[in-house]
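Below are the chains, spelled out letter by letter.
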Amino acid sequence: YQNTVPGYHYKMVKRNIPDVVRWKLLNASFQGGLTHPNIIHANQHLYEPVGSHDESSAYPYHMCLPVYPQGPFFEIDTSKVWMYPHNRWCVIYSVRFEGLQSVYYNHYIARSKCRYSTDCAWDNGRLIGGSWVEFPGITDIDMDIIMDAYKPKKVIIYRAFVSRKGYLPGYYIRFVLDLYSDKTTLKGIPDRADEYNSKKSLLNSCFGACCTSVIKSTIAYNNNDWEPIKKLTDEIIEEKLEEERAKNNPLFVYAHGVYITAASRRSLWENIVAPGMDEDVVYYDTDSIKYVNPEEHQQQFVEHNKKVDANLLEMCNHFGFDYELTRPKDKKGKAHPLGWFENEGNEDGVSYTEFCTLGAKRYAYRSVEDNQLHITVS
């Protein structure tokens, strides 16, 4: 990637290295993939057909959407947030929600990402309801999801920082598309396995490199003894940020990584709460969703995939890319459109004949393909 970027790329990255206040807000706003069981199906052994859809290269797809800050965040008067609509501006909020009660069986707010009142009710770490929760930082995308998922009685915004919203740099998106195309066309070719693994690793690292924070506590081992861990004071954080600014060739913008995962959570959430899905969803994890009554929900994913195609076509037209880069073909000539939610089951949408989950990353199922029991525990 370093060989493909223009010279001005490094100036752009340096310009987006935040100060201490903005780094803390971005760090507080970062969340990983949305992973949880539905409260009404958790700990239940389901003896019925269960469907499963998996999003093809979810993070690379979301890197092709126009949801990313185009420059440094600047603070605005909280009374003027209405002047910065979320379709045109990235907004990072410090915010308090009061009087929350979930309107869905599936719950969004993670206990680990907020401060909260003592009367809050939790669904294995996800908020059901309570008097109040506070976020040191959340993105505009998460703000929209929370307003849909809970309908709070009162929202108090303490601070707000904004940046114009748009695409990632065109040369970066093209790099991602080329890697996705190469990975797809090389998969399953025996004499090119090393090349396939290399392209796949590079594609996966495009997201990982963006969301890796350069600010970490130092853990030192000297003379057969561990030194006390130094807390990240503002002075230490600023020192580390200055070290980043002093580098000649910084490649990635941390704020972009924050928004990649946020965009992915929104895509999954929209499918979780689609008409008829809230009660039928059983389990979801970052880029996959499992649900009962699969025959009733196949069209939902067809419609979602049409929106994905429209988004990618708009992006390709914007940059002048070949649209076929977003749907490369494998060695058998089958196209694999980027970002599609693909059916993992049979033609009726059935993936499993039994399913049980005890929580995030803990589930078992009997596959309709081989009738064998499979268990995932992480």
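What this report covers is the structure whose coordinates are included nearby. (Residues numbered from 1 in each chain as written. Predicted model: local features only at pLDDT ≥ 70, side-chain atom pairs only at ≥ 80, totals over all residues. Heavy atoms only, no water.)

1. Description of the overall build of the protein chain
Broken down by element type, the protein chain carries 10 helices and 17 strands. Taking 2.2 N^0.38 as the reference for a compact globule, 378 residues should give roughly 21 Å; the C-alpha atoms of the protein chain span a radius of gyration of 22 Å, in line with that estimate. Projected onto the principal axes, the alpha-carbon positions of the protein chain cover approximately 60 × 55 × 55 Å. The burial tally for the protein chain puts 51% of its 378 residues in the buried class. Residue pairs in contact within the protein chain that sit at least 24 positions apart in sequence constitute 74% of those at least 6 positions apart. For the protein chain, the exposed surface amounts to about 18400 Å²; the carbon and sulfur share of it is 50%. Looking at charge distribution, the protein chain has the averaged site of its 43 positive side-chain charges lying 6 Å from that of its 49 negative ones. (Helix = DSSP H or I, 4+ residues; strand = E, 2+ residues; numbered from the N terminus. Rg over C-alpha atoms; globule rule 2.2 N^0.38 Å. Buried < 20%, exposed > 50% of the residue type's maximum accessible area, 1.4 Å probe, protein only. Contact = heavy atoms within 4.5 Å. Areas by Shrake-Rupley, 256 points an atom, 1.4 Å probe, with all protein chains shown as cover. Lys, Arg positive; Asp, Glu negative; His and termini not counted. Charge placed at Lys NZ, Arg CZ, Asp CG, Glu CD.)

2. Topic: the pattern of salt bridges
All chains considered together, the criterion is met by 18 salt bridges. Of the charged contacts, one joins D234 and K24 as a salt bridge, the two residues approaching to 2.5 Å between their closest N and O atoms. In this pair, D234 sits in helix α7 (residues 234-246) while K24 sits in helix α2 (residues 20-29), placing the two residues 210 residues apart along the sequence. Classification of D234 as partly exposed rests on a relative accessible area of 38%. Under the relative-accessibility criterion, K24 is labelled partly exposed at 39%. Here D142 ties to R265 by a salt bridge, and the two come within 2.8 Å at their closest N and O atoms. Of this pair, D142 sits in helix α4 (residues 140-149) while R265 sits in helix α8 (residues 254-272), and the two are 123 residues apart along the sequence. Across this residue pair, the class does not change: D142 and R265 are buried. Connected through shared salt-bridge partners, R96, E98, R115 and E134 make up one network. (Salt bridge = Lys/Arg side-chain N within 4 Å of Asp/Glu carboxyl O.)

3. Focus on helix α1 (residues 8-15)
Those residues of α1 that fall on the buried side of the exposure criterion are H9, Y10, M12 and V13. The buried residues of α1 occupy an angular sector of 160° when projected down its axis, which confines them to one face. Exposed residues pointing more than 90 degrees away from the buried face of α1 are listed as Y8 and K11. (Arc of directions from axis to C-beta.)

4. Notes on the pairing of strand β8 (residues 126-139)
Across the 14 residues that make up β8, a large majority, 10, are buried. With eight bridges joining them, strand β5 (residues 89-101) and β8 adopt antiparallel strand pairing. Bridge pairing in β8 places I92 opposite T139. Bridge count between strand β6 (residues 115-116) and β8: two bridges; the pairing is antiparallel. From the neighbouring strand, Y116 faces β8, where its bridge partner is V133. As judged from the three bridges shared by strand β7 (residues 121-123) and β8, these two strands associate in the antiparallel manner. (Pairing = 2+ DSSP bridges.)

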